[in-house]
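# Chains, contacts and geometry: an overview
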Amino acid sequence: MKNKDMNKKSKKRQASSKKMHISITVKILCMSIVCMLAALIVATVISTNTASDRLVANGKDSLTTLSASKGKSLEDFIMAQKTLVNSVANSEAAVQACKEYASTKSINKELQANLASDLAQILTDSNNLYENFFITVDSQGFADCHDNETLHDISEENVYADCMEKGSHFAHAVSPSSGAPVFEIAYAIVDPDSSKNIGVVVCAIDLKTMSDQIISDDDHDIKLFTPQGVVIASPDEESILAIDMNELDADSWNYILQTQTGVTDFTDPFTGKLGYTGFYVSENFVTEVSVMDSSFDSDRQALYKKSIIIMIIAAVIASVIIFIASSTIVRPLKWASATINKLVNDIKAGEGDLTTRINVKSSDEVGMISGSVNEFIATLQSIMDMMGANSQKLSNISSNVRDSIDSTEDEINNVSSTMEQMSASSEETSATLTTVAENVDEVTRLVAKVHDEANRKHQESQEMTEKVERMRNEVMLERDKADEEVAEYVEQLEVSIKQANEVDKIMNLTGDILSIASQTNLLALNASIEAARAGEAGKGFAVVAEEIRQLADSSKETANNIQEISEGVVTSVKDLADKANMIADAFKESNAGGREGVENLTSAYQHDIGVMAESMSEFAEETNSVADSMEAIKESVDAVTAAAEETALGITNVTASTVDIAGSMKNINNEAGDNLNISNELQSEVSKFKY
């Protein structure tokens with residue numbers, strides 16, 4: 001069954017191998033390329049992501065640098081504007097105009113026109129950077145950059161109050177005319193003679209224009225905030241003056257004010273897209289330069305393309321290297337595979353040559369595998385050699401075992417038959433012993449009865465002696481009565497003598513005992529013969545048979561002794577009966593005589609009764625001895641009966657065991673036959689190999 005299952009599995013493997021045969025070169029190439037591609041892909045993804053992260057990090061660093069650069073440029077511009085405004089405030093024309101107006105309260109039209117022309121030129125040169133640039137005499141507008149169209153009184157404005165008090169004014173404000181955010185730079189015009197502030201030069205820079213001209217570019221979203229967080233310049237014009245970061249996110253704004261410069265991430269509240277903001281806090285502005293994360297997409301795509309190109313080039317180079325390496329590795333494997341396949345095919349054809357060896361030319365793993373295969377073939381060759389010799393030995397041993405088992409089965413069958421005969425004999429002996437025991441019980445009962453009767457007769461003899469004595473004393477007075485008593489005594493004596501004759505039954509019973517003892521002795525002899533034939537299995541029964549034989553001999557001897565005693569008792573009883581009859585007859589004959597005859601008769605009768613009493617006493621003792629002997633015989637018979645029953649049971653068990661052994665030997669015989677078949681199959685398989 002196992003061979004069939006192995007053949008089925010082998011056929012399945014052969015069928016599956018025929019369905020798809022992939023060379024090891026292809027497998028190694030495929031596996032290597034897959035592993036290489038996986039490694040390249042992972043490395044490319046990791047390196048690309050790392051580069052992308054580095055790109056973003058560099059972008060953030062650039063934002064920080066750019067925002068600081070823009071902020072500083074803006075502050076430099078403000079500083080330049082302060083210098084410009086201060087120079088206008090200190091110009092001779094501005095001072096002269098203020099002094100003349102203060103002294104005459106009239107405007108010098110020529111001077112006013114010249115100043116207005118100079119301011120207009122400044123506006124033109126700045127590319128319309130200013131929302132307004134004007135000069136006041138005291139608080140009244142005197143000249144502006146818009147052809148004096150915006151002249152007005154500024155006495156109510158902060159710029160005038162600060163200039164009058166501090167000499168200058170720098171602040172964010174909202175243009176009253178346009179509503180746009182501006183940055184005001186103002187200086188007081190000082191009279192050099194009196195050192196009094198006699199006028200103001202105000203420059204209102206348009207922050208949107210300033211942002212567009214100075215810090216804006218096409219790549220970044222640049223916003224300007226007041227230190228308080230209000231947007232004052234942005235590409236998104238709707239957010240100007242409309243967004244207060246201090247109100248929207250006070251924590252973030254405070255972080256910016258405290259950090260002064262850096263970069264932070266943000267999420268666009270309208271699009272939800274990620275962005276990055278570089279910030280720089282200066283004296284007058286907070287400059288933020290922002291870009292969206294999507295602005296790096298083009299760089300990322302370029303990076304991905306370069307990575308893919310590099311990966312493809314690396315894959316091609318690695319594939320060539322793998323192909324060369326795999327060819328170098330596979331070539332020895334092919335040689336080894338060809339040798340092994342030839343050996344397998346020869347084995348299938350029944351011509352397996354185990355002297356075949358793989359030619360080992362290298363010391364690498366392939367060489368080690370080839371060497372291991374050679375060692376395996378050598379070991380297999382040694383095993384097949386050993387199997388060839390041992391299978392022949394196994395065949396011979398199996399054949400001898402079968403012959404021995406056949407012979408043993410015959411002996412076991414003989415022993416089984418003998419045991420069955422012994423079992424029958426044992427059962428017969430047990431039945432015979434049961435009969436003997438019953439007869440012994442009967443003899444014991446009769447002996448006890450005779451013993452009791454002898455004792456009773458002894459007692460009656462004594463009573464008869466006393467009666468004779470009384471009768472002799474009273475004979476003279478009551479002769480007639482004495483005749484009746486004598487007749488009655490004679491009758492009782494006859495009955496007693498008749499009962500005493502029952503001792504003859506003991507003779508018959510002892511005859512039965514002798515017959516049973518002979519039969520038992522014969523059975524013991526047969527049992528000894530059967531036990532000898534049974535060999536080791538009959539040793540225990542032989543001991544029991546010997547015990548039974550000895551018991552039979554003892555029973556025979558005891559029965560002979562009982563017969564001898566019984567014969568003596570019977571003789572004594574007969575003599576006593578004869579004498580009693582003689583006494584009775586004599587008593588009857590002399591009953592008519594005189595007193596002297598009566599006395600003589602009674603004296604003689606007393607003597608005879610005494611003799612009979614002694615005989616009865618001896619008979620009672622003999623019967624008592626017989627009773628003891630019979631009790632001993634009964635105990636021996638009971639013991640032998642029990643032993644015979646145990647022997648019969650043992651013989652039955654031995655018989656059953658013999659039957660089981662016979663069955664086991666039959667199974668062993670079958671297994672020996674299977675071994676013989678297996679050894680023949682092994683010899684057939686081994687013959688397919690050359691070794």
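Up top is the structure.
Report follows, based on the coordinates. Keep in mind that this is a model prediction, so the values were computed, not measured.

## Notes on a nonpolar patch on the surface
Residues Ile308, Ile312, Val316, Val320, Phe323 and Ile324 make up a contiguous nonpolar surface patch of roughly 550 Å² in combined accessible area. Within the secondary structure, Ile308 sits in helix α9 (residues 297-348). Classification of Ile308 as partly exposed rests on a relative accessible area of 42%.

## A few points about the sheet that holds strand β2 (residues 140-144)
Across the sheet, five strands lie side by side as β2-β1-β5-β4-β3; this open sheet has antiparallel pairing. Taken across any chain shown, the strands that pair with only one partner, and hence form the sheet edges, are β2 and β3 (168-174). For this sheet, the mean angle separating the axes of adjacent strands, direction not counted, is 25°. Strand direction decides the pairing type here: strand β1 (residues 130-137) and β2, joined by four bridges, are antiparallel. Across the sheet, the residue bridging to Phe134 is Asp144, located in β2.

## Observations concerning the nonpolar core
Core analysis: the biggest nonpolar cluster contains 46 residues, and Phe133, Ile189, Ile205, Met210 and Phe285 have the highest contact counts within it. Here this core gets eight residues from one element, more than from any other, and that element is helix α2 (residues 24-89). Each residue touching Ile205, except ones within four places of it in the same chain, is listed here: Phe77, Ile78, Gln81, Leu129, Tyr130, Glu131, Pro181, Val182, Phe183, Ile185 and Met210. Core analysis: the second largest hydrophobic core is formed by nine residues, Ile154, Val159, Cys163 and Val200 among them.

## What to know about the packing of aromatic side chains
On inspection of all chains with the given rule, the structure shows five aromatic pairs. Geometrically, the ring pair formed by Tyr255 and Phe279 is edge-to-face, given 6.2 Å between the ring centres and 70° between the ring planes. Of this pair, Tyr255 sits in helix α8 (residues 250-259) while Phe279 sits in strand β9 (residues 274-281), and the two are 24 residues apart along the sequence. For the cation-ring pair, Lys82 lies above Phe170, with the distance from its terminal atom to the ring centre recorded as 4.0 Å.

## Considering the sheet that holds strand β7 (residues 231-233)
Strand order across the open sheet formed by five strands is β7-β6-β10-β9-β8, with antiparallel pairing between neighbours. Among the strands making up the open sheet, the edge pair consists of β7 and β8 (261-267). Taking each pair of neighbouring strands and ignoring which way they run, the sheet shows an average axis angle of 35°. The pairing of strand β6 (residues 221-225) with β7 spans two bridges and is classified as antiparallel. Looking at β7, one finds that Phe225 is bridged to Val231. Contacts between helix α6 (residues 207-215) and the sheet are confined to β6 and β7, with β6 contributing the most and set at about 135° to the helix.

Rules behind the numbers
Each chain carries its own residue numbering, running from 1 in the direction its sequence is written. Selection of residues for local features in this predicted model requires a pLDDT of at least 70, selection of side-chain atom pairs for listing and counting requires 80 or more, and totals for whole chains, interfaces and linings are taken over all residues. Each side-chain value is worked out from all heavy atoms of the structure, with water and hydrogens disregarded. Two distance rules govern patches: like charges are joined within 9 Å, and nonpolar side chains (Val, Leu, Ile, Met, Phe, Trp, Tyr) within 5 Å, applied only to residues with over 30% relative accessible area and no salt bridge. Here the accessible surface of atoms and residues is derived via Shrake-Rupley with a 1.4 Å probe, and residues count as covered only by protein chains that are part of the display. The working definition used for a salt bridge is a side-chain nitrogen of Lys or Arg within 4 Å of a carboxyl oxygen of Asp or Glu. A run of H or I in DSSP counts as a helix once it spans at least four residues, and a run of E counts as a strand once it spans at least two, with each numbered from the N terminus. Summary of the burial criterion: residues with accessible area below 20% of their type's maximum are buried, those above 50% are exposed, and those between are partly exposed, where the area comes from a 1.4 Å probe applied to protein chains only. What makes two strands pair is DSSP finding at least two bridges between them. Lines fitted to C-alpha atoms define the axes here, with helix axes fitted over just the stretch in contact, and angles between the N-to-C directions of these axes take values from 0 to 180 degrees. Take the buried residues of types Ala, Val, Leu, Ile, Met, Phe, Trp, Tyr and Cys, join any two whose side-chain atoms come within 4.5 Å, and each joined set is a nonpolar core. Residue contacts follow a heavy-atom distance rule, with two residues in contact if any of their heavy atoms lie within 4.5 Å. Only Phe, Tyr and Trp rings take part, Trp by its six-membered ring, and two of them pair if their centres are within 6.5 Å. Stacked means planes under 30 degrees apart, edge-to-face means over 60, and tilted covers everything else. Counted as over-ring charges are cases with an Arg CZ or a Lys NZ within 6 Å of the ring centre that also lie within 35 degrees of the ring normal.

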